[in-house]
Amino acid sequence: MAQTHLKLTVADRADAPPATGGARSDGGGRPFWTVRRRDNLVGYLFVAPQLIGSALFVLLPLGLVGWYSLHEWNVLAGTFEFVGGENYDKLLADANLREVLAGTALFSVGLVVFNLSLALVLAVLLNQRLRGTAFFRTLFFSPVVVSLVAWTIVWQFLLQADGGINGLLGVAGIDGPNWLRGEGTAMLSVIIVQVLKNVGLNMVLFLAALQGVPAQLYEAAELDGAGAWTRFRRITVPLISPTILLTSIITVVGSLQVFAQIAVLTQGGPGMSTTVLIYYLYQQAFQFHHFGYGATLSALLFVIVALLTVVQWRMRRKWVFHEA
Amino acid sequence: MKPFGKLAALALATLLTATACGGANEAAPAKQGPQPLRMTIWTSNEAHLKLFNEIAAEYRKTHPNVGEITFDPIPFENYTTTLTTQIAGGNPPDLAWILESSAPDFVSSGALLPLDDTLRKAQGYEFDDLTPSATKLWQAEGKLYAYPFSTSPFGVFVNTDLLKKAGQKTPDEMIKDGRWTWEEVAAQNAAVAAKTGKAGMVVRDFDYKNWDNLASVWSGWGARAWSEDGRTCGFDSPEMVEAMTFLHKSIFTDKAFPGPGTTPDFFAGDSAMTITQISRASLLTDATFGWDLVPLPAGPKGEYSVIGQAGLGVFAKSPNAAVAADFLAFFTDPANSAKLAAYFPPPRASQLTTETLAKSNPLLKPDQLEKVVIDGIRKGVVKPNHTGQAELSQTVRAALDPLWQPGADAKAVLAGVCAKIQPMLGA
């Protein structure tokens, strides 16, 4: 009924006479500026800033990346030559790409697992009605608002062979490794620095979700004899699964765009152990001046991000139980 | 077309028009009135900038057609990357400093304006005073594409207080005894590290990444990163293996060099010695410790010297290229070259004298200037440089990383470096 009423109302308004006498009339005597047209114009004007912004800063660069990937652009010589699919052939033959993609996958998996697990644990702990939870919430969230580069530079000093972390380990009688120079420890260090930087954001999202879980469900489960772990597994996780999906998408996409941490901490080394795809792209385009190939790597990154997002979105039907 | 389609089409057309107008590398025509000039540099040292601005102000007095001359500092670490990004973004400077490592790329690309005619025609320029060894790197097919405004030898700064504290002889004494060799110097640094807890020898700016600075060590063994023609890898040569084996032992066994992941600063008094260019002497103005500057220690192949260079070029596509070249001629004429010599060793034979350099380097003794600067420039080899240096450099860094671990097999690692870069050298 409500829909029918709305339709009638809109139709009535569309045929209504113009509100002011200044509106132009088309040839048949019908006024051009009908209420419907005015409404449409207002609507378009409202979306125009977003539309223009998206076109200018998202769609146009996306198109240009595709265009550049079909060219070889020698910045110094000022030449821009069409090379067709040559850059894509180079992509398939690139001996470094396998190692780069493996490093990228390792970083993403490590980041997602550490970040989401820690964020969830912190959120559950800080969701208790205990003294001091506000302090700890602020403590864990504060790195999110700190400058990324400043945060990373501080950690660079802490992770040096003679830095603060090894100093602390030394007090405990442990001879710490050279964190940023070992092939295994360098990647682990980058992951942990990134997790500690952003875990607060996911923690807050989880906290909000946890506070939306009805308390009576836990009470009923307790009466039925469910323990803490069962309540968490059977009630908490299903009810906050939409938030888990959201945070996992944000974290996966974010993990593929990590750059400053790598640039400051390891510059992709030792060897190529921390050269993730976006850093490799930066090296190719801006350090080696292979702008065409850099654009091709951008296209690859776009495809990977899009595919992962689609896969996660599709998977929500299987594991998101409580989608609004 | 529906209104949405019209709006989208309009937005797209506007964007495409804007993009087309922005045309990536098309130089805008010169504007009317005084032409401003912009020069990218990697120093932000106040004294350097003051001198540059004074020279620019003097030039503008006699050239009303030139507007403001801006010196645009870019951090050294990302200098070439930032410069090429500016060029790619359609915002190239009119003039730029260029590092020796990227000299082959800039010189061979056609990006720079040949300077010979402008410099030769400039009144009182004395073009033939420029030493051939200084201009060699900046020439292609007989044309000079950049002025070698700084030719700076590497030397060893020594904290004499730390040496005395560790019971070691001063460099002067070592040189007099004929013991200023890598073997002896490594032993001295190992002794300082063991007895004082401070670091020994620091190869400044190396940081286990910028390997080209190690040329200041391996050249003593006669090793080269690649052959003179740039087509054959030199990392697996017996000389390089011997030099790197010595370096590895000095780092991980003798502890004469601080290991990876540590950042001792000589100029803060954290280490006994450092290898760097003489322009760093300015950091010792307020030094609280005794110091000396001496030549690089002799290697198995005898005495040697390594120089770093920087050029100053004009971008051919700059709408103000002719004016910029004229300013460059003024900026580097004999009078201004003598002023610049306070910080940047000049390429002019007539100015490479102890007397000239002493006037502008009050911190250095005549003996230091003679042995380190003048002799260094005379017999020095330039740090490694090659076309596509950035990619080569990154590939070498990644392949060399396994060497910076205790127990590494230097010969195998260096063979791995050549396996990676030989295809890039094009032989």
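Residues numbered from 1 in each chain as written. Chains lettered and ligands numbered in written order. Predicted model: local features only at pLDDT ≥ 70, side-chain atom pairs only at ≥ 80, totals over all residues.

- Going by what an unreviewed UniProt entry lists, chain B is known as Sugar ABC transporter substrate-binding protein and is assigned to Streptosporangium fragile.

- As recorded in an unreviewed UniProt entry, chain A goes by the name Sugar ABC transporter permease, listed as coming from Streptosporangium fragile.
- Quoted verbatim from the Subcellular location (unreviewed entry) field of UniProt, the annotation for chain A is "Cell membrane".
- Recorded in UniProt for chain A, the comment headed Sequence similarities (unreviewed entry) runs: "Belongs to the binding-protein-dependent transport system permease family." (UniProt positions renumbered as here; feature names shortened; annotations may be inferred.)

## Examining the overall build of chain A
Okay, so step 1: Along the backbone of chain A there are 14 helices and 2 strands.
Okay, so step 2: Here chain A holds 324 residues, and 27% of them are scored as buried.
Okay, so step 3: A fraction of 67% describes how many contacts in chain A between residues 6 or more apart in sequence connect residues 24 or more apart. (Helix = DSSP H or I, 4+ residues; strand = E, 2+ residues; numbered from the N terminus. Buried ≥ 20, exposed ≤ 12 C-beta atoms within 10 Å, placed from the backbone. Contact = placed C-beta atoms within 7 Å.)

## A look at the overall build of chain B
Okay, so step 1: Scanning chain B from terminus to terminus reveals 17 helices and 11 strands.
Okay, so step 2: With the C-alpha coordinates aligned to their principal axes, the bounding extent of chain B is approximately 80 × 55 × 40 Å.
Okay, so step 3: The buried share among the 427 residues of chain B stands at 44%.
Okay, so step 4: The contacts of chain B with a sequence gap of at least 6 include a subset with a gap of at least 24, amounting to 76%.

## A closer look at the environment of Leu392 of chain B
Residues and elements named next belong to chain B.
Okay, so step 1: Summarising the element assignment, Leu392 is placed in helix α16 (residues 389-400).
Okay, so step 2: Leu392 sits in the buried class, given 24 other C-beta atoms within 10 Å.
Okay, so step 3: Residues Leu392 and Val294, spaced 98 residues apart in sequence, show a C-alpha to C-alpha distance of 32 Å.

## Structural notes on the packing of helix α8 (residues 183-210) of chain A against helix α11 (residues 241-255) of chain A
If you want to describe how two helices pack, look at the angle between their axes and the distance between the axes.
Residues and elements named next belong to chain A.
Okay, so step 1: The N-to-C vectors of α8 and α11 enclose an angle of 170°; their axes lie 10 Å apart at closest approach. The angle between α8 and α11 falls in the class roughly antiparallel. Contact residues: Asn202, Leu205, Phe206 and Ala209 in α8; Thr243, Leu246, Thr247 and Thr251 in α11.
Okay, so step 2: Each residue belonging to the contact of α8 with α11 can be placed in one class, and the counts come to 4 nonpolar, 4 polar and no charged. (Axes fitted to C-alpha atoms, helices over the stretch in contact; angles between N-to-C directions. Parallel < 35°, antiparallel > 145°, perpendicular 65-115°, else oblique. Nonpolar A, V, L, I, M, F, W, Y, C, P; charged D, E, K, R; others polar.)

## What to know about the interface of chain B and chain A
Okay, so step 1: Contacts between the two partners involve 31 residues from chain B, matched on the other side by 28 residues from chain A.
Okay, so step 2: Going through the elements one at a time, α1 (3-22), α3 (79-88), α4 (103-109) and α16 of chain B are the ones with two or more residues in the side of chain B that touches chain A.
Okay, so step 3: When the residues that make up the side of chain B that touches chain A are grouped by side-chain class, the tally is 14 nonpolar, 11 polar and 6 charged.

## Some details on helix α9 (residues 215-223) of chain A
Okay, so step 1: Of all 9 residues making up α9 of chain A, only 0 are buried, and the element is barely covered by its neighbours.
Okay, so step 2: Positive phi shows up at Gly225 of chain A, right after α9 of chain A, with a value of about 90°.

## With respect to the nonpolar core
Okay, so step 1: Residues Leu112, Leu115, Trp218, Ala243, Val314 and Leu328 of chain B are the most contacted members of the largest nonpolar core, which totals 161 residues.
Okay, so step 2: In terms of residues, this core owes the most to one element, α8 of chain A, which gives 11 residues. (Core = buried A, V, L, I, M, F, W, Y, C linked by C-beta atoms within 7 Å.)

## Focus on the confidence of the model for chain A
Okay, so step 1: Averaged over chain A, the pLDDT score is 87; the fraction of residues at 70 or greater is 90%.
Okay, so step 2: Contacts for the low-pLDDT stretch residues 1-23 of chain A, under 50 throughout, to residues beyond four places or in other chains number 13 contacts. (pLDDT = per-residue confidence, 0-100.)

## Brief notes about α8 of chain A
Okay, so step 1: If you check α8 of chain A, its first and last C-alpha atoms are 38 Å apart, about what 28 residues at 1.5 Å a residue would give, namely 40 Å.
Okay, so step 2: By the largest-angle criterion, Asn198 of chain A marks the main kink of α8 of chain A, which is about 45°. (Expected span 1.5 Å × (residues − 1). Bend = angle between axes of the 7 residues up to and from the residue.)

## A few points about the packing of helix α4 (residues 97-126) of chain A against α11 of chain A
All names here are of chain A.
Okay, so step 1: At a closest axis distance of 9 Å, the pairing of α4 and α11 adopts a crossing angle of 145°. Relative to α11, the crossing made by α4 is right-handed. Within the contact between the two elements, α4 uses Phe107, Ser108, Leu111, Val112, Asn115, Leu116 and Ala119 and α11 uses Thr247, Ser248, Thr251, Val252 and Ser255.
Okay, so step 2: Partitioning the contact of α4 with α11 into residue classes produces 6 nonpolar, 6 polar and no charged. (Left-handed = near helix turned anticlockwise from the far one by under 90°.)

## Here we look at the UniProt feature "transmembrane region" (unreviewed entry) in chain A
All names here are of chain A.
Okay, so step 1: Using the residue numbers shown here, the UniProt feature "transmembrane region" (unreviewed entry) corresponds to residues 41-68, 100-126, 138-158, 186-210, 239-264 and 291-311.
Okay, so step 2: Strand forms 0% of residues 138-158 and helix 90%; the C-alpha atoms that close the span are 22 Å apart.
Okay, so step 3: Structurally, residues 239-264 comprises 81% helix and 0% strand, and the distance from its first C-alpha atom to its last is 39 Å.

## Some thoughts on unusual backbone geometry
Okay, so step 1: Omega for the bond connecting Gly269 of chain A with Pro270 of chain A falls within 30 degrees of zero, at -5°, which places this linkage in the cis form.
Okay, so step 2: Structurally, Pro270 of chain A can be placed in the loop between α12 (260-265) and α13 (277-287).
Okay, so step 3: Of note in the backbone geometry, Glu141 of chain B takes a positive phi value of approximately 50° without being a glycine.
Okay, so step 4: Tracing the backbone shows Glu141 of chain B in the loop between β4 (139-140) and β5 (143-144).
Okay, so step 5: Of the residues examined, Glu141 of chain B has 8 C-beta atoms within 10 Å and is grouped as exposed.
Okay, so step 6: Its identity is not glycine, yet Asp207 of chain B carries a phi of approximately 50°, on the positive side.

## Comments concerning the environment of Leu139 of chain A
Okay, so step 1: Summarising the element assignment, Leu139 of chain A is placed in helix α5 (residues 133-145).
Okay, so step 2: Considered as a pair, Leu139 of chain A and Ser108 of chain A are 31 residues apart in the sequence and their alpha carbons are 25 Å apart.

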